[in-house]
Amino acid sequence: MLVIGFPTGALQANCYVLAAGEGEPCVIIDPGQDAEEPIEQALRQYRLAPVAVLLTHGHFDHTFSVTPVCDGNDIPAYIHPDDVAMLSDPLKGVSRESAAFFGGNLEMREPNEVRSLDDGAELDIAGLKITVDHTPGHTGGSVMFRSGAQEGGRLVISGDTLFAGSIGRTDLPGGDHSRMLSSLQDKVLTLPDDMVVLPGHGPSTTIGRERVTNPYLVQLRDAPAAPHRGL
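Here's a quick rundown of the structure.

Thresholds, definitions, all that
- Residues numbered from 1 in each chain as written.
- Predicted model: local features only at pLDDT ≥ 70, side-chain atom pairs only at ≥ 80, totals over all residues.
- Heavy atoms only, no water.
- Helix = DSSP H or I, 4+ residues; strand = E, 2+ residues; numbered from the N terminus.
- Buried < 20%, exposed > 50% of the residue type's maximum accessible area, 1.4 Å probe, protein only.
- Contact = heavy atoms within 4.5 Å.
- Areas by Shrake-Rupley, 256 points an atom, 1.4 Å probe, with all protein chains shown as cover.
- Salt bridge = Lys/Arg side-chain N within 4 Å of Asp/Glu carboxyl O.
- Pairing = 2+ DSSP bridges.
- Axes fitted to C-alpha atoms, helices over the stretch in contact; angles between N-to-C directions.
- Disulfide = S-S within 2.5 Å.
- Arc of directions from axis to C-beta.

### Observations concerning the overall build of the chain
In terms of helices and strands, the chain carries seven helices and 14 strands. Among the 231 residues that make up the chain, the fraction classed as buried is 52%. For the chain, contacts bridging at least 24 residues in sequence account for 61% of all contacts bridging at least 6. Accessible area for the chain stands at about 10800 Å²; split by element, carbon and sulfur atoms hold 49% of it.

### Some thoughts on the pattern of salt bridges
Working definition: two side chains of opposite charge can pair if their charged atoms are close together. One pass over the full model with this rule turns up 10 salt bridges. With a shortest N-O distance of 2.9 Å, aspartate 119 and lysine 187 are connected by a salt bridge. Highlighted residues: aspartate 119 in the loop between β6 (114-116) and β7 (122-125) and lysine 187 in helix α5 (residues 177-188), separated in sequence by 68 residues. A salt bridge links arginine 211 to aspartate 193, with the shortest nitrogen-to-oxygen separation between them at 2.6 Å. Note that arginine 211 is positioned in helix α6 (residues 207-213) and aspartate 193 in the loop between α5 and β13 (196-199), a separation of 18 residues in sequence. Residue arginine 211 is classed as buried on the basis of its relative accessible area, which comes to 17%. With relative accessibility at 44%, the residue aspartate 193 sits in the partly exposed group.

### So, the sheet that holds strand β2 (residues 13-19)
Strand order in the open sheet formed by six strands is β1-β2-β3-β4-β5-β6, with mixed pairing between adjacent strands. Since the sheet does not close on itself, it has two edges, and those belong to β1 (2-8) and β6, each with one partner. Pairwise comparison of adjacent strand axes, ignoring direction, gives a mean angle of 25° for this sheet. For strand β4 (residues 49-54) and strand β5 (residues 77-79), the ladder comprises two bridges, and the chain directions are parallel. Looking at the pairing, leucine 54 lines up with tyrosine 78 of β5. In the packing of helix α1 (residues 36-46) onto the sheet, the strands contacted are β1, β2, β3 (25-29) and β4, and the crossing angle to β1 comes to about 160°. Along the sheet, helix α3 (residues 66-73) contacts β3, β4 and β5; its crossing angle with β4, the most-contacted strand, is approximately 145°.

### Overview of unusual backbone geometry
Phi at aspartate 34 is positive, roughly 60°, even though this residue is not glycine. Relative to the elements of secondary structure, aspartate 34 occurs in the loop between β3 and α1. Backbone geometry places alanine 126, a non-glycine residue, at a positive phi of 55°. On the secondary structure map, alanine 126 appears in the loop between β7 and β8 (128-134).

### Focus: the state of the cysteines
All chains considered together, the criterion is met by zero disulfides. Cysteine cysteine 15 remains unbridged, with the sulfur of cysteine 26 as its closest cysteine sulfur at 9.9 Å. Relative accessible area serves as the criterion here: at 0%, cysteine 15 is assigned to the buried category.

### Details of the pairing of β7
Residues in a regular strand point their side chains to alternate faces of the sheet. Residues of β7 alternate between two faces, with Leu123 and Ile125 buried on one and Glu122 and Asp124 left unburied on the opposite face. In the sheet, β7 pairs with β8 via four bridges, with the strands oriented antiparallel. Paired with aspartate 124 across the bridge in β8 is lysine 129. What sits between the antiparallel neighbours β7 and β8 is a turn of two residues, in which alanine 126 has the positive phi angle 55°.

### Some words on α1
Burial in α1 covers these residues: Ile39, Ala42 and Leu43. When α1 is viewed along its axis, its buried side chains cluster within an angular range of 100° and face the same direction. The exposed set on the far side of α1, more than 90 degrees from its buried face, consists of Glu37, Arg44 and Gln45. Those residues of α1 that are buried are in contact with β1, β2, β3, β4 and α3. At the exit of α1 stands arginine 47, carrying a positive phi of roughly 55°.

Purely geometric stuff here, so don't read any function into it on its own.
Next up, the structure:
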């Protein structure tokens, strides 16, 4: 698998381009601010043909370039339905202070074609098998994307659900800390240790490394089991 990643915009959100190999179709994940030029450079350098954009969530630092990238290449954008409203109203997902910084207005619009991502969906796209995991917490519609072969080379694009040494904040509109903890327990800690994590910000890591060093995962891993209830 060919994986190209680079940070974009003032908030350094990671954008990824995935393909089965050079000269093949590809998917673009989280085209944030100022992502158009590096995406075009990657497409030219590796002779790639984009077929879709996948979005881990609706925050504008991950979606800012989605419309020009999608409409310019006549390809659809995939996003969880709980976050789709942020494509046309990005200030729905930011704090009051951030909204004031933009003067209460940040103009964006949906791409011409938007498709829904559902939990557990298996996407067969660009010659890749990609599994969608709904991981609410950072936003209501946050998802992770898993791909790779069972015998090795597995990776998860975690968006702002999981970082190296941390997790995404849950104090913004649509965030929910209890749902985040459930997502980490049910969708992250269940992944194999050798799975490579490509996060929405910062460096890559592995599930095994995060399981033993990430304080949020360590706390969940070591928490006592809930008592049985009922008969």
